[in-house]
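# A structural walkthrough
The chain contents come next:
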Amino acid sequence: AMLGNYSPPPPADASNTSVADRTKGGDKQVVEDVRNSRAARSAPPPLLPLDAAATKYEERLNAWWNTLASLAGIEDVAELGTGVLAASTTVAEERSEAMCRCVDRIVEEENGGDDGPDGGKADEGDDGSRDDFEPGIKLPTDLQYRVDCLSLRANVALESISPSSSTEADAAAAASLELWSEAMSLIPSERFFLHSSSSSYTLLGAADALHRRGRLGLALSSVRLAMFVPGTIGTPYAHYLTGLIKLELGDEDGATTELGRALYLLDGEEGNLFDRMHGVYYNSDDKNKAEREMIRKAVELARKGMAMLMEEEARHFSSS
């Protein structure tokens, strides 16, 4: 299905180096514009409180869900999940598969029948990832520039207000969500997944903001939709964030699968997964007992999930 090694952004930190590292395509002008913008570096007070910002984002997210469902010939997407998804059902799995086939078909048509960029077929690795696969159609230059700037500002907004209080943290998340919503409004919704770099970047960035403030249902809906976007599956951060959300929702089996896959894709480098991916956010000294326990559990499940994947891989090679 839709696999790739495109890397949507890890959660931002406020350093200039990290901002530069998160810029898609290495657009130095975008980085400079954001660095030099007082509004971007010190997040402005949100125009909407968090509840209103989340509602506004959810409306755009549901529009993308409905677009994809309509293209796949599905009339009702409720069981696929524009909110918290229930445990997998046969109907949900069938509809999910229909949406995957729909995206694959449209992407193949756009690529003239080839899977890879520029008419070349990407090489698929044992873990399902693809080498040198950069899916997606860039937006027109002016729109791409605006989406990139909004994405950077959304990341900086989330980090620029120290979450020393719930009020400040909510303000940071609200400001970030407003910017992600604005970015989504610039991406053509009728086939948003064709602009996969921008779409995946936006969905995962918004999911990060929502997850940090405990809006787990909406965060899960975001990452699930992102998984239909070509190139998201096989990206360590996407599986990592999905695993954390599922863990906090009490779905330990789902969390084990996703966290294990993330660790596997990083060759078992736990430092890369738990330090680099979320840095200070997950490792600062001021984390409370519950948060530290969540981190410990995530590490435990990631190790367990990776071991399961390696056992499965060993069985595959022994039988082939």
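Residues numbered from 1 in each chain as written. Predicted model: local features only at pLDDT ≥ 70, side-chain atom pairs only at ≥ 80, totals over all residues. Heavy atoms only, no water.

### Digging into the overall build of the protein
Using the following cut-off: Only DSSP runs of H or I reaching four residues or more are called helices, and only runs of E reaching two or more are called strands; each is numbered from the N terminus. Relative accessibility thresholds used throughout: buried, under 20% of the residue-type maximum; exposed, over 50%; partly exposed, between the two (1.4 Å probe, protein chains only). Between two residues, a contact is recorded if the distance between any of their heavy atoms is within 4.5 Å.
The helix and strand tally for the protein stands at 14 helices and two strands. Here the protein holds 320 residues, and 49% of them are scored as buried. Intrachain contacts of the protein at a sequence separation of at least 6 include 70% that bridge at least 24 residues.

### Side note on the confidence of the model for the protein
What counts, and what does not: Each residue carries a pLDDT score, the predictor's own confidence in it, on a scale running from 0 to 100.
Per-residue pLDDT for the protein averages 76, and the proportion of residues at 70 or more is 67%. Confidence over residues 1–26 falls short of pLDDT 50; this stretch has 81 contacts with residues more than four positions distant or in other chains. Residue range residues 82–88 is modelled with pLDDT below 50. Its contacts to residues more than four positions away, or to other chains, number 13 contacts.

### Quick look at the environment of K297
Relative to the helices and strands, K297 resides in helix α14 (residues 289–319). For K297, a relative accessible area of 18% corresponds to the buried category. Discounting residues that sit within four places of it in the chain, K297 has contacts with L247 and E252.

### Re unusual backbone geometry
Although it is not a glycine, D267 adopts a positive phi angle of roughly 55°. If you trace the backbone, D267 turns up in the loop between α11 (252–265) and α12 (270–276).

### Brief notes about the packing of aromatic side chains
To be explicit about the condition: Centres within 6.5 Å make a pair out of two Phe, Tyr or Trp rings, where for Trp the six-membered ring is used; the pair is then stacked when the planes are under 30 degrees apart, edge-to-face when over 60, and tilted otherwise.
With the rule as written, the count across this model stands at four aromatic pairs. Between W180 and Y201, the ring centres sit 6.1 Å apart and the planes meet at 55°, which makes this aromatic pair tilted. Taken together, the residues W180 in helix α7 (residues 166–186) and Y201 in helix α8 (residues 196–212) connect sequence positions 21 residues apart. Across this residue pair, the class does not change: W180 and Y201 are buried. One aromatic cluster is present, formed by W64, F192 and F193 through successive ring pairs.

### Notes on the nonpolar core
Let me state the cut-off plainly: Here, nonpolar core means buried Ala, Val, Leu, Ile, Met, Phe, Trp, Tyr and Cys residues that are tied together by side-chain atoms lying within 4.5 Å of each other.
Among the nonpolar cores identified, the biggest contains 75 residues, and Y57, L177, L203 and L225 are the most heavily contacted of them. Excluding residues within four positions of it along the chain, L203 makes contact with Y57, L61, W64, M184, S222, L225, A226 and V229.

### Regarding the packing of helix α4 (residues 50–71) against helix α9 (residues 216–226)
We count it as follows: Note on method: axes are straight lines fitted to C-alpha atoms, helices fitted across the in-contact stretch only, with angles between N-to-C directions ranging 0 to 180 degrees. For any pair of crossing helices, the crossing counts as left-handed if the nearer helix is rotated counterclockwise from the farther one by less than a right angle, and right-handed if it is rotated clockwise. For this classification, Asp, Glu, Lys and Arg are treated as charged, while Ala, Val, Leu, Ile, Met, Phe, Trp, Tyr, Cys and Pro are nonpolar and the rest, including Gly, are polar.
Orientation of α4 relative to α9, taken along the N-to-C sense of each, is 35°, at an axis distance of 11 Å. Relative to α9, the crossing made by α4 is left-handed. For the pair α4 and α9, the contacting residues are A54, Y57, E58, L61, W64, W65 and L68 in the first and L218, S221, S222, R224 and L225 in the second. Counted by class, the contact of α4 with α9 contains eight nonpolar, two polar and two charged residues.

### Thoughts on the state of the cysteines
Put simply, the rule is: Sulfur atoms of two cysteines make up a disulfide when they are within 2.5 Å.
According to the stated counting rule, one finds zero disulfides in the structure shown. Here C100 stays free of any disulfide, with the sulfur of C102 as its closest cysteine sulfur at 9.8 Å. A residue is classified by how much of its surface remains accessible, and C100, at 14% relative accessible area, is buried.

### With respect to α9
Summarising burial for α9: ten of the eleven residues are buried, a large majority. Buried within α9 we find L216, G217, L218, A219, L220, S221, S222, V223, L225 and A226. The inward-facing, buried residues of α9 abut α4, α8 and α10 (236–248).

### Some words on the pattern of salt bridges
For clarity, the threshold we go by: For this document, the term salt bridge refers to a Lys or Arg side-chain nitrogen within 4 Å of an Asp or Glu carboxyl oxygen.
Scanning the model with the defined rule gives twelve salt bridges in all. A salt bridge links R212 to D208; the shortest N-O distance between them is 3.2 Å. Of the two residues, R212 and D208 both sit in helix α8, four residues apart, roughly one turn of that helix. For R212, a relative accessible area of 14% translates into the label buried. What makes D208 buried here is its relative accessible area of 2%. The network of salt bridges with common partners includes E252, E293, R296, K297 and E300.

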